[in-house]
Amino acid sequence: MGEAAVEIVKPRTDTREYRRIVLRNSLEALLISDPDTDKAAASMSVSVGSFSDPEGFPGLAHFLEHMLFYASEKYPLEDSYSKYITEHGGSTNAFTASEHTNYFFDVNTDCFEEALDRFAQFFVKPLMSADATTREIKAVDSENKKNLLSDAWRMDQLQKHVSAEGHPYHKFSTGNRDTLEVKPKEKGLDTRHELIKFYEEHYSANLMHLVVYTKESLDKIQSLVEHKFQEIQNKDRINFHICGQPCTSEHLQILVKTVPIKQGHKLIVVWPITPSIHNYKEGPCRYLGHLIGHEGKGSLFYILKTLGWATSLSAWEEDWTCEFSFFEVVIDLTDAGHEHMQDIVGLLFKYISLLQQTGVCKWIFDELSAICETMFHYQDKIPSIDYVVNVSSNMELYPPKDWLVGSSLPSKFSPDVIQKVLDELAPNNVRIFWESKNFEGHTDMVEPWYGTAFSIEKITVSMIQQWMLAAPTEHLHLPDPNDFIPTDLSLKNVQEKAKFPVLLRKSSYSTLWYKPDTMFSTPKAYVKIDFNCPFASSSPEADVLTDIFTRLLMDYLNEDAYYAEVAGLYYCLSNTDSGFQVAMAGYNHKLRILLETVVKKIANFKVKPDRFLVIKELVTKGYQNVKFQQPYQQAMCYRSLILHDNTWPWMDGLEVIPHLEADDLAKFVPMLLSRAFLECYIAGNIEPKEAEAMIHHIEDIFYSGPRPICQPLFPSQYLTNRVIKLDRGMSYFYPAEGLNPSDENSALVHYIQVHRDDFLPNVKLQLFALIAKQQAFHQLRSVEQLGYITELMLRNDSGIHGVQFMIQSTVKGPGHIDSRIEEFLKMFEFKLYAMSEDEFKSNVNTLVDMKLEKYKNLWEESGFYWQEIYDGTLKFDRTEAEVAALKKLTQKELIDFFNEHIKVGAPQKKTLSVRVYGCLHTSEYAEEQKEANQPIQVKIDDIFKFRKSQPLYGSFKGGLGHVKL
């Protein structure tokens, strides 16, 4: 036992300390000391996954992952691990992959030692009671039912299905009631017995990799880890080893036609390849993915886009293990592209042929290597919980010195290694999966786990050669050198060490909020420019046209701005409720060049009719696919539609879009821009003068000259965020049938509206949610097993605060679930009254710690300040003010608050339940439709009549009056 000295490669900017140790039981651990962290975290990666599921027991590894959370011999109280973590400001989760299972948590640093002890017991002596086992099968079944109508899950399983039956890749990994309970019972097997057997057989210390991250010294962490983890048994197990490839000759040179759930056509072209993990320094798949997935002029995507055949293309290594791997090209097709599948595959192989002819280019590898090196050395800090998961996953795959690097730093130029993988991207090695609703009724097979319809045809090398010859003769070429790569990574010396954003500039055209980087010392910046345009939300047509306008701008910018993204400078244009937004984030060196390019495109916007049609088709399918959203997402949409004044339903958009033409957009955009106000936020490694100059430049483009594009807003035109005010003492419910008649899942969103933004009620509500969150999960999910998706969360709608329960279920209908939430609140009431003063103080301290948690990076910080600006609340000192309010809060005040706003039957309580009924509960929906209104319970029949009948909260936003320089 002890240290195994090794130099771990870390970013130049990383001040954390690292130490690798191996315990007596052969468990390998990485200790990370970060004196600046507010959150401690740990992750255990066990080298056992779904590939190890025993024959006839699909999903057992995943089920075990669920069961370890319940209890242990040392901590036998059910769910006490999750309760402890949640009550101390943390979160916890796990996932099962094909060859490993990862368990992880984070928690406030002062509670880390006990949290780590509880976590260690997963691997020392877990308890899996018969009762918990029976109940948790329902959670796994609910999780699987959530995925049944998801195209991503269905396609993933179909690719596995079309592979060698005896190979682990072929397996179904999630599990369901049938595989974990019904079938085993028929065979006389006891699931709990099999679960324990699987744990005993596979969970061994020598297959475990632990990462522990906290603020203590390395020596202190080491003694903690040795003490808590050396009890784990080392059974000296050997890593699971796969023999052979998942695809034999019968699974290659095939075209699989398949029917998706959603509208749209997709082409997935896959080749089995040599896993690049064996050559991670040479980065063959990163090099090939960079070129085949490029979007600049001369690229495959650029040509497909110009022809109007594709809307997106990506290329990467997928589903890889140490034994086998796939290279995958995914292309989203337009309707026209669907008619040209053979041409598209022909063009893809022509591009691969171009790569063969030009040979592996050193300058492209060097450029990519330089970009990766800058990204590695200037990477942002991320939440500790994400960091530990990334690193523990790397520990199984890389030598210790590269645990932090993984495969992110290709540094060895080896043309032979790249050439080997390129040679594997050949017509005789290909699998093509082609998704389209057009294949409905034209397939002859069904994938057993998800019910996906498909058919298989053989394709020959000569067929693909024919497609290559027949494909358009557009000029494919390699990308140009990337001008957006930053070369100046120096830090600006800003004199003004502002703690909060300052209003740097204000005119009748714009406001500019500015916040220099005083915390992160990184050569990056963040820019938000919000165009407030009154015409944007004036009608459903305007709403849809604004959406098409922003997507067209992204489309026009792509061939040039794609280079910026590759170099680590990201941009986005998107429509908002009040206009549209330009967002940029990344290295500041060339940010201004990109910003000016974007602004110029907006100012000189012209509608290209061919691109308009492509984007219109894309937006239409987006509207059509709303009905395939998960029922809980549908319930959330209805909730927002009921509460937000001046918003349009998706049905209206779907109705107007077929009638919109390019000419309508050409007339609309000048009107959209004719009146506008720009709300701007610039933060990071940028000097105040630069920030002002940027906004001055934008104002000049839009507001100056004899015929300016924009005029300032009239005072009456400033846009407001108005939220519907529910009546006190009233309970409203909105029943709706699920939009997809074949979805068995129902969903309930039970929302309690409480107050308009104010520090004291804010913290009372937050404290209630902190205390109730885990108890709700335990009761409604673990005990009652209402559904896999069970959550209690805070809501903030433009400064109007509330709390909501969200549950999706096939087991019970929304009406029943609503009554179970009321029962939970009655039960919680007793627990709240019975809470000791020490418990109350402990919860207050946890919330204080959570609030005082420092931002990890510029994006987290900017996200907080931008939300204050966007909502109009402008409470930049919110954290300090809420902490002060919390510290004065008494237990009696919390109980009074609960009794007034949240308790069942509370006089001030305002509830809105949105009930979405899946196909298993349609009879309950019919019953609900007949129900007469009770004195305090009102059914909403018409959302828009209801909205018009209700008062509105005052808006925090709406003009320049409250903004003082």
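What counts and how
Residues numbered from 1 in each chain as written. Predicted model: local features only at pLDDT ≥ 70, side-chain atom pairs only at ≥ 80, totals over all residues. Heavy atoms only, no water. Helix = DSSP H or I, 4+ residues; strand = E, 2+ residues; numbered from the N terminus. Polar contact = N/O pair within 3.5 Å; in protein donor to acceptor, adjacent residues only side chain to side chain. Buried < 20%, exposed > 50% of the residue type's maximum accessible area, 1.4 Å probe, protein only. UniProt positions renumbered as here; feature names shortened; annotations may be inferred. Axes fitted to C-alpha atoms, helices over the stretch in contact; angles between N-to-C directions. Left-handed = near helix turned anticlockwise from the far one by under 90°. Contact = heavy atoms within 4.5 Å. Nonpolar A, V, L, I, M, F, W, Y, C, P; charged D, E, K, R; others polar. Pairing = 2+ DSSP bridges.

A short note on the side chain of Asn102
Link 1 in the chain: Relative to the elements of secondary structure, Asn102 occurs in strand E7 (residues 101-108).
Link 2 in the chain: In terms of polar contacts, Asn102 uses its side chain to reach the side chain of Ser43, at 2.7 Å.

Notes on unusual backbone geometry
Most peptide bonds take the trans configuration, and most residues that are not glycine carry a negative phi.
Link 1 in the chain: At Asp79, a residue that is not glycine, the phi angle is positive and equals roughly 65°.
Link 2 in the chain: Here Asp79 is to be found in the loop between strand E5 (71-72) and helix H2 (80-87).
Link 3 in the chain: Relative accessible area serves as the criterion here: at 5%, Asp79 is assigned to the buried category.
Link 4 in the chain: In this structure, Leu874 is a non-glycine residue whose phi angle is positive, near 55°.
Link 5 in the chain: Positionally, Leu874 belongs in the loop between helix H27 (858-871) and helix H28 (878-888).

Some words on the UniProt feature "domain: Peptidase M16 middle/third" (unreviewed entry) in the protein chain
Link 1 in the chain: Following the UniProt record, one finds the feature "domain: Peptidase M16 middle/third" (unreviewed entry) at residues 376-655.
Link 2 in the chain: A helix fraction of 39% and a strand fraction of 18% characterise residues 376-655, whose end C-alpha atoms lie 48 Å from each other.

A short note on the packing of helix H17 (residues 540-566) against helix H18 (residues 591-603)
Link 1 in the chain: Close contact between H17 and H18 brings their axes to 10 Å; oriented N to C, the two are set at 150°. Considering how the two elements wind past one another, H17 and H18 form a crossing that is right-handed. Each of Phe549, Leu553, Tyr556, Leu557, Ala561 and Ala564 in H17 lies in contact with H18, whose residues at this interface are Leu594, Thr597, Val598, Lys601 and Ile602.
Link 2 in the chain: Its residues assigned to classes, the contact of H17 with H18 comprises 9 nonpolar, 1 polar and 1 charged.

Describing the sheet that holds strand E20 (residues 569-576)
Link 1 in the chain: Read from one edge to the other, the open sheet built from 6 strands follows the order E17-E18-E22-E19-E21-E20, with strand pairing classed as mixed. The open sheet has two edge strands, strand E17 (502-506) and E20, and neither has a second partner. The mean angle between the axes of side-by-side strands here comes to 15°, regardless of whether they run parallel or antiparallel.
Link 2 in the chain: Here strand E19 (residues 524-532) runs beside strand E22 (residues 677-684); their pairing, made up of 8 bridges, is antiparallel. The residue bridging Asn532 from the neighbouring strand is Phe677, located in E22.
Link 3 in the chain: Docked against the sheet, H17 engages E20 and strand E21 (579-587), running at close to 175° with respect to E20.

Focus: the pairing of strand E4 (residues 39-46)
Link 1 in the chain: Of all the 8 residues making up E4, 8 are buried; the element is thus mostly covered by neighbouring parts of the structure.
Link 2 in the chain: Across 6 bridges, the pairing between E4 and strand E9 (residues 208-214) is antiparallel. When the sheet's bridge partners are listed, Ala42 is paired in E9 with Val212.

A few points about the packing of helix H1 (residues 60-67) against helix H4 (residues 130-147)
Link 1 in the chain: At a closest axis distance of 10 Å, the pairing of H1 and H4 adopts a crossing angle of 120°. Crossing handedness for the pair H1 and H4: right-handed. Residue-level inspection shows His62, Phe63, His66 and Met67 of H1 in contact with H4, the latter providing Ala132, Thr133, Glu136, Ile137, Ala139, Val140 and Glu143.
Link 2 in the chain: Looking at the contact of H1 with H4 residue by residue, the class counts come to 6 nonpolar, 3 polar and 2 charged.

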